[in-house]
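A structural walkthrough
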Amino acid sequence: GVVPSVIRVKDTDKMIVRTTTIASFGSVPIKAEGADAAFDELAQGYDKAYQPDTYELGFKTSKEALDDEQEEVVSDAGRALGQSMDFTYNTDHANLYNDGFTSTTGSPDTVAIFSASHPLIGGGNGSNTLATAADLSVQSMRDLMNVVADTVDDAGKLLHWRAKILLVPYELSWLAKELVRSTGKPGTADNDINAFQDDDLRVVAWPYLTDADAWFLLDEPANHNLRSYWREKPNILHDWNFISSTMLVKARARWIRSWSDYKRVAGSPGA
């Protein structure tokens, strides 16, 4: 599935997972011979707590229906239940991106994931979006890559991260592939090279992204802090009601997704 390629997915056996960021240190000063080394304060960044939610949905069927099944209706219903769980899981995780320009729910730093006003612990603001929202194009890709290149940590030092993934809704998948895979510069008959080829971007198209204009640049999931925790992976459970002779079937899972830090992801909602 797409989720593990755009969100850091981990298992947990804890009721609550707590993360915290470190606000980093300043630049390293010159030390004179024989002088004491300078020491900086280890400043804490932002805290985030992840408490898994429980998801369940079921159906019931009579023993007669099971005994007399001819066209695998009950089996198909079980598969449909699994598909509903898969749909819910993808929809919930995609909403990190779908709501990422507006929602501050669960935000560790009080602003949306994709914002030009992330407060830095050391003062000032950081950005992971364009100053003026723009649709996906050669120029907007350049502009957002410049935002990526200018990302600083909480002490104001350059972070030096580079995008590895271009995440788009399915409607933009063809344009995204043209931008990163074309031999020549996209959208022109000139013989200019396609400079994006050197960036080795991998296009990921996700139908669960609901805004056909929004697009994102991401580091590999192991390096960024859009996170998801499995507390209980999907199970199909069965039980009998002795009195009514009906079988109860339900799908159950527990997970939580959110984010701990905005750095190493960037995006534009489109114009």
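Located above this text is the structure these notes cover.
Here the structure is a predicted model, which is why all the values come from computation and not from measurement.

1. Section: the side chain of Thr-19
- Within the secondary structure, Thr-19 sits in strand β2 (residues 17-22).
- Its relative accessible area of 13% is what places Thr-19 among the buried residues.
- At 2.8 Å, the side chain of Thr-19 and the side chain of Ser-260 are in polar contact.
- Here Thr-19 is in contact with Tyr-46, Asp-47, Lys-48, Tyr-50, Arg-227, Tyr-229 and Ser-260, once residues within four sequence places are set aside.

2. So, the sheet that holds strand β11 (residues 246-259)
- Spatially, the four strands line up as an open sheet ordered β1-β10-β11-β4, and their pairing is mixed. Among the strands making up the open sheet, the edge pair consists of β1 (8-11) and β4 (53-62). Each neighbouring strand pair of the sheet contributes to a mean axis angle of 25 degrees, computed without reference to strand direction.
- Bridge count between β4 and β11: 10 bridges; the pairing is antiparallel. Residue pairing across strands places Ser-62 opposite Thr-246, the latter belonging to β11.
- Running at roughly 15 degrees to β11, helix α3 (residues 73-98) makes contact with β1, β4, β10 (226-241) and β11 of the sheet.

3. With respect to the nonpolar core
- Formed by 32 residues in total, the largest nonpolar core has its most connected members in Val-6, Tyr-97, Leu-167, Trp-206, Phe-216 and Leu-218.
- Secondary structure elements with two or more residues in this core: α1 (3-6), α3, β7 (165-168), β9 (215-218), β10 and β11.
- Setting aside residues no more than four positions away along its own chain, Tyr-97 makes contact with Val-6, Ile-7, Phe-114, Leu-167, Trp-206, Leu-209, Phe-216, Leu-218 and Leu-226.
- Within the second largest apolar cluster, 22 residues are counted, among which are Trp-161, Val-168, Ala-176 and Phe-196.

4. Considering the packing of aromatic side chains
- What the rule picks out here adds up to 13 aromatic pairs.
- Here the aromatic rings of Trp-230 and Trp-255 are separated by 5.7 Å at their centres, their planes lie at 80 degrees, and the arrangement is edge-to-face. One end of the pair, Trp-230, is in strand β10; the other, Trp-255, is in strand β11, and 25 residues separate them in sequence.
- For Trp-230, a relative accessible area of 11% translates into the label buried.
- The exposure class assigned to Trp-255 is buried, which follows from its relative accessible area of 0%.

5. Considerations on unusual backbone geometry
- Backbone geometry places Thr-110, a non-glycine residue, at a positive phi of 80 degrees.
- Inspection of the secondary structure assignment puts Thr-110 in the loop between α3 and β5 (118-119).
- Positioned with a positive phi, Arg-264 is a non-glycine residue whose angle comes to about 75 degrees.
- Within the fold, Arg-264 resides in the loop between β11 and β12 (265-268).

6. Section: the side chain of Arg-227
- With respect to the helices and strands, Arg-227 occurs in strand β10.
- This buried residue, Arg-227, is left without a salt bridge; Asp-261 holds the nearest opposite charge, at 8.9 Å.
- Among the polar contacts listed, one links the side chain of Arg-227 to the side chain of Asn-225, at a separation of 2.8 Å.
- Not counting chain neighbours up to four residues away, the residues in contact with Arg-227 comprise Ile-7, Arg-8, Lys-10, Thr-19, Tyr-50, Ile-256, Arg-257, Ser-258, Trp-259 and Ser-260.

7. Considerations on a nonpolar patch on the surface
- There is a patch of nonpolar side chains on the surface, built from Ile-22, Phe-25 and Leu-42 and spanning about 310 Å² of accessible area.
- Here Leu-42 lies in the loop between β2 and β3 (44-50).

Parameters at a glance
- Residues numbered from 1 in each chain as written.
- Predicted model: local features only at pLDDT ≥ 70, side-chain atom pairs only at ≥ 80, totals over all residues.
- Heavy atoms only, no water.
- Helix = DSSP H or I, 4+ residues; strand = E, 2+ residues; numbered from the N terminus.
- Buried < 20%, exposed > 50% of the residue type's maximum accessible area, 1.4 Å probe, protein only.
- Polar contact = N/O pair within 3.5 Å; in protein donor to acceptor, adjacent residues only side chain to side chain.
- Contact = heavy atoms within 4.5 Å.
- Pairing = 2+ DSSP bridges.
- Axes fitted to C-alpha atoms, helices over the stretch in contact; angles between N-to-C directions.
- Core = buried A, V, L, I, M, F, W, Y, C linked by side-chain atoms within 4.5 Å.
- Phe/Tyr/Trp six-rings, centres within 6.5 Å; stacked < 30°, edge-to-face > 60°.
- Lys, Arg positive; Asp, Glu negative; His and termini not counted.
- Salt bridge = Lys/Arg side-chain N within 4 Å of Asp/Glu carboxyl O.
- Patch = residues over 30% accessible without salt bridge, like charges linked within 9 Å, V, L, I, M, F, W, Y side chains within 5 Å.
- Areas by Shrake-Rupley, 256 points an atom, 1.4 Å probe, with all protein chains shown as cover.

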